[in-house]
Amino acid sequence: MGQPYPPFRTAKGRRVIGGIRRWVTAAAGALALTGGLVAVGPQASAAGLTQVTGFGSNPGSLSMHAYAPDGLAAGAPLVVALHGCTQSASDYYANSGWPKFADRYKFALVFPQTTSANNSNSCFNWFDSGDSTRGRGEALSIRQMVDTAVARYGSDTRRVYITGLSAGAGMTANMLAAYPDVFAGGSIDSGLPAYCATSVSAAYTCMYSPPNKTPAQWGDLVRSAAPAGTTSWPRVAIWQGTSDTTVVPANATELRDQWTNVWGIGQTPSRTENLSGGTTLSEYDAAGKPAVQVYSISGMAHGLAVDPGSGPEQCGTTGTYYLDTICSSYHTARFWGLDGGGNGGETPGTLPAPAGLTVGGTTDTSVSLSWNAVPGAASYHVYRGGAKVGTTTSASYTDTGLAVGTTYAYAVAAVDTAGAVGTASSPVTATTTGSTPTCYTANNYQHTAAGRAYQSGGQTYATGSGQAMGLYNTFITHTLKQTAPGYYVVADAGC
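Residues numbered from 1 in each chain as written. Predicted model: local features only at pLDDT ≥ 70, side-chain atom pairs only at ≥ 80, totals over all residues. Heavy atoms only, no water.

Visitor: Explain the nonpolar core to me, please; I cannot follow it from the model alone.
Guide: Most often, soluble globular proteins keep nonpolar side chains buried together rather than apart. Core analysis: the largest hydrophobic core is formed by 62 residues, its most contacted members being Trp126, Phe183 and Trp259. One finds Phe101, Tyr295, Met300 and Trp336 within the second-largest nonpolar core, a separate group that totals 35 residues. (Core = buried A, V, L, I, M, F, W, Y, C linked by side-chain atoms within 4.5 Å. Buried < 20%, exposed > 50% of the residue type's maximum accessible area, 1.4 Å probe, protein only.)

What follows is the structure in structure tokens.
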């Protein structure tokens, strides 16, 4: 149900190949591959969820289901919710908790649905470029559903959001990357980085051993998928259980790296908070506003976090892959500002963004910045990784006490005489001098998948140094030390 199983094509491109499916079943262990293990859960009321037809050319052969609460006004937000494998739109409607908050906060819901005709396990094809890139396949079908819902309900095009579980989360990440001009925010629940995979074999690597790319490499995948010249990005929530063995927790780290880099902020949280259900929230600010959130749920396996009950922060129904921990829909809705909370941050002041922000110089532990003065500014706030690190009355600032060989993102905002903070500048990045060696211990296959090694003729070699590492397989393990970007040496004796 929740698993993002890569599909194997039928005669029309989506049939499971028997031998490979048997291998997948063995590799996945106790995970369900058959419809017999689907959690049915309570069904949505016929009066609540409505199928919408004729929503466009529908190249992805999806179906559209929608819910609009009573009293929905024109100009309300719109949320698109993508189910996981072996699930359906009605199943997700009934169990996820989203209708409760649509009723409370008055926004419309769209539940796209795929079928076994598209994918043997009814997964969205998040790993298939023919279905997950802008203007193609399932991605375009979902985009057409948004257009139809906006016309049908008079939704505010500036407040369209998307969320999904597992395979639906993988597709959500791709949609956020491909359509940043459509979605103001997203929530990736037990999912994977945008464009982590473009093939079946790579999909399994992403699920069980995601590539250890740099934040910039992950961010580049988003930037290359988005329309040229994109400068405004969606705000992203990431939900992950620490005991997930289907989509391993490392994916949440790579997702954090990806979207913080896209926003031009660092990977150190601006703040952390302990929530119910063993949940730790880490927030990453851009110019003082939360841009990326990571919710780590201690002990939770693969699934969507729900918390059944009638309390204001409770929602959903438990079942297979609907796990009783915390109401993810409630916290996501608040992060997006659907509760009327101002989209997660205060309205900026009227002063324009400082222009000309540049890096004047770096040392092992400092970065010097300068920018053009803003008329009417009494002072300036300097942000590193989205968190304010200093205030200055001049149009320059030196940030100190930094780590060697580390990349930081900076932005600056002007503050008027009343203390109102203006719009933040476009971010710039700076890398301190020096380098700190980093070590990785893994098998030869994992090193190769992460780019730390390469294989030739069935043998494995360290990237950069070319040192021999033995056969290309999962049985030989080495420790590699990264001594420079793209350069690794064997360090089995110690790092």
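Still to come is the rest of the account.
Visitor: Sorry, what's going on with the state of the cysteines here?
Guide: Each disulfide consists of one covalent bond between the sulfur atoms belonging to two cysteines. A full pass over the atoms with the stated rule returns 3 disulfides. With its sulfur 2.0 Å from that of its partner, Cys85 forms a disulfide with Cys123. In this structure, the disulfide formed by Cys85 and Cys123 twists by about 120° around the S-S bond and is classed as right-handed. One end of the pair, Cys85, is in the loop between β3 (78-82) and α2 (89-95); the other, Cys123, is in the loop between β4 (108-113) and α4 (129-132), and 38 residues separate them in sequence. Classification of Cys85 by relative accessible area gives buried; the value is 0%. (Disulfide = S-S within 2.5 Å. Helix = DSSP H or I, 4+ residues; strand = E, 2+ residues; numbered from the N terminus.)

Visitor: I would appreciate a short explanation of the packing of aromatic side chains in the present structure.
Guide: Working definition: an aromatic ring pair is given by the centre-to-centre distance plus the angle between the planes. Taken as a whole and assessed by the stated rule, the structure comprises 15 aromatic pairs. Here the aromatic rings of Tyr93 and Phe111 are separated by 5.7 Å at their centres, their planes lie at 80°, and the arrangement is edge-to-face. A residue pair is termed long-range when its members are at least 10 positions apart, and Tyr93 in helix α2 and Phe111 in strand β4 qualify at 18 residues. Through successive ring pairs, a cluster of aromatic residues spans Trp98, Phe107, Tyr161 and Trp336. Directly above the aromatic system of Trp218 lies the positively charged group of Lys213, at a separation of 5.7 Å from the ring centroid. (Phe/Tyr/Trp six-rings, centres within 6.5 Å; stacked < 30°, edge-to-face > 60°. Lys NZ or Arg CZ within 6 Å of the ring centre and 35° of its normal.)

Visitor: Please clarify how the side chain of Asp416 should be interpreted in this entry.
Guide: With respect to the secondary-structure elements, Asp416 resides in the loop between β18 (407-415) and β19 (421-424). Here the side chain of Asp416 touches Ala418 through a polar contact of 2.9 Å, landing on its backbone nitrogen. Polar contacts involving the side chain of Asp416 include one to the main-chain amide nitrogen of Ala420, which spans 2.9 Å. The residues contacting Asp416, other than those within four sequence positions of it, are Leu351, Gly376 and Ala378. (Polar contact = N/O pair within 3.5 Å; in protein donor to acceptor, adjacent residues only side chain to side chain. Contact = heavy atoms within 4.5 Å.)

Visitor: Please explain the sheet that holds strand β10 (residues 289-297) as it appears in this structure.
Guide: Whenever strands of a sheet pair, they do so through backbone hydrogen bonds, lying parallel or antiparallel. Read from one edge of the open sheet, 10 strands run β1-β2-β4-β3-β5-β6-β7-β10-β9-β8, paired in mixed fashion. Both outer strands of the open sheet, β1 (50-52) and β8 (271-275), are each paired with one neighbouring strand and no more. When strand polarity is set aside, the average angle formed by the axes of neighbouring strands in this sheet is 20°. Pairing analysis gives 6 bridges linking strand β7 (residues 235-241) to β10, with the strands arranged parallel. Each residue of the ladder has a partner; that of Gln240, found in β10, is Ser296. Docked against the sheet, helix α9 (residues 250-263) engages β6 (185-189), β7, β9 (279-286) and β10, running at close to 170° with respect to β7. (Pairing = 2+ DSSP bridges. Axes fitted to C-alpha atoms, helices over the stretch in contact; angles between N-to-C directions.)

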